[in-house]
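# Structural characterization, general
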Amino acid sequence: MTMKPMKAGDNAGAADNMFVDSGEAGDGFLRIGEMAKKFGVTLRTLRFYEDKGLLHPHRDGSTRLYTRRDKARLKLILLGRKVGFSLRDVKQMMDLYDPSGTNTKQLRLALDKSEKQLARLQKQRDVIEDAINELSNSMTLVRKMLAERSTQTNSAA
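Cut-offs and rules
- Residues numbered from 1 in each chain as written.
- Predicted model: local features only at pLDDT ≥ 70, side-chain atom pairs only at ≥ 80, totals over all residues.
- Heavy atoms only, no water.
- Buried < 20%, exposed > 50% of the residue type's maximum accessible area, 1.4 Å probe, protein only.
- Helix = DSSP H or I, 4+ residues; strand = E, 2+ residues; numbered from the N terminus.
- Arc of directions from axis to C-beta.
- Contact = heavy atoms within 4.5 Å.
- Salt bridge = Lys/Arg side-chain N within 4 Å of Asp/Glu carboxyl O.
- UniProt positions renumbered as here; feature names shortened; annotations may be inferred.
- Core = buried A, V, L, I, M, F, W, Y, C linked by side-chain atoms within 4.5 Å.
- 1 Å grid on protein atoms, 1.4 Å probe; cavity = no way out; pocket = protein on both sides within 12 Å on 5 of 7 lines; lining within 4 Å.
- Points joined across faces, edges and corners; volume = space filled by probe spheres on them.
- Nonpolar A, V, L, I, M, F, W, Y, C, P; charged D, E, K, R; others polar.

## Describing helix α2 (residues 43–51)
- Every buried residue of α2 is listed here: L46, Y49 and E50. The arc enclosing the buried residues of α2, seen along the axis, measures out at 105 degrees, which places them on a common side. Exposed and oriented more than 90 degrees from the buried face of α2 are R44 and D51.
- Taken together, the buried residues of α2 touch α1 (32–39), β4 (58–60), β5 (63–66), α3 (68–82) and α4 (87–95).
- Phi for G53, located one or two positions after α2, is positive at around 80 degrees.

Here it is in structure tokens:
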């Protein structure tokens, strides 16, 4: 990591923004609590993703400092999890990223995995739609049975 001091005319905003990561377009670091709050995850989740090699926060003693790159990676992790990718798949796709390359291999892998996942999700949707239809039909039948019994009880009284 290369740190560069901000110039006198730059808007530092706060004392902890005195230095910015040179690859960060002026974006400061986030501590683990801030990162967790911003993305709606737990501290344990962030530590877990770090242990799995998905996130690579900088360290200042025992303090984890998350960069703009970490934020982008976490967004991709959460998107991947939301659409049903395993963490292994997410890591495999992210690890192919090359900031100086065309990333054709990464894009092809992402497309291939996405097509397969979309097919799985569509099959799941079909199964769920069938289950909903079956349940709705059963509920209609039960309502009719209850209505018949209610009518029989009222006419018997």
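## Things to note about the pattern of salt bridges
- For the coordinates displayed, the defined rule picks out six salt bridges.
- We note a salt bridge from K113 to D89, for which the minimum N-O separation is 3.0 Å. Taken together, the residues span a long stretch of sequence, with K113 in helix α5 (residues 104–156) and D89 in helix α4 at a distance of 24 residues.
- When its relative accessible area of 18% is taken as the criterion, D89 is described as buried.
- Note that K91 is salt-bridged to D95, the shortest N-O span being 2.5 Å. Of the two residues, K91 and D95 both sit in helix α4, four residues apart, roughly one turn of that helix.
- Given the relative accessible area of 43%, D95 is considered partly exposed.

## Focus on the UniProt feature "coiled-coil region" (unreviewed entry) in the protein
- Under the local residue numbering, the UniProt record ascribes the feature "coiled-coil region" (unreviewed entry) to residues 104–138.
- Between the first and last C-alpha atoms of residues 104–138 the distance is 51 Å; the span itself is 100% helix and 0% strand.

## Looking at the side chain of K113
- The exposure class of K113 is buried, given its relative accessible area of 15%.
- Ignoring any residue separated from it by four or fewer positions in sequence, one finds K113 in contact with F85, D89, Q92 and M93.

## Description of α1
- Buried residues of α1: I32, M35, A36 and F39, and no others. Viewed along the axis of α1, the buried residues span an arc of 100 degrees, placing them on a single side of the element. For α1, the exposed residues set more than 90 degrees away from the buried face come down to K37 and K38.
- Where the residues of α1 are buried, they touch β3 (30–31), α2, β5 and α3.
- Phi turns positive, to about 70 degrees, at G40, one or two residues after α1.

## Thoughts on the nonpolar core
- Core analysis: the biggest nonpolar cluster contains 19 residues, and L46, L74 and I77 have the highest contact counts within it.
- Where this core is concerned, the elements lending two or more residues are α1, α2, α3 and α4.

## Let's talk about the layout of surface pockets
- By volume, the largest pocket is sized at about 450 Å³.
- If you go around the largest pocket, you meet 18 residues; those closest to its centre are L76, V90, M93, M94 and Q106.
- The set of elements that each furnish at least two residues to the lining of the largest pocket consists of α3, α4 and α5.
- Across the lining of the largest pocket, the residue classes break down as 12 nonpolar, four polar and two charged.

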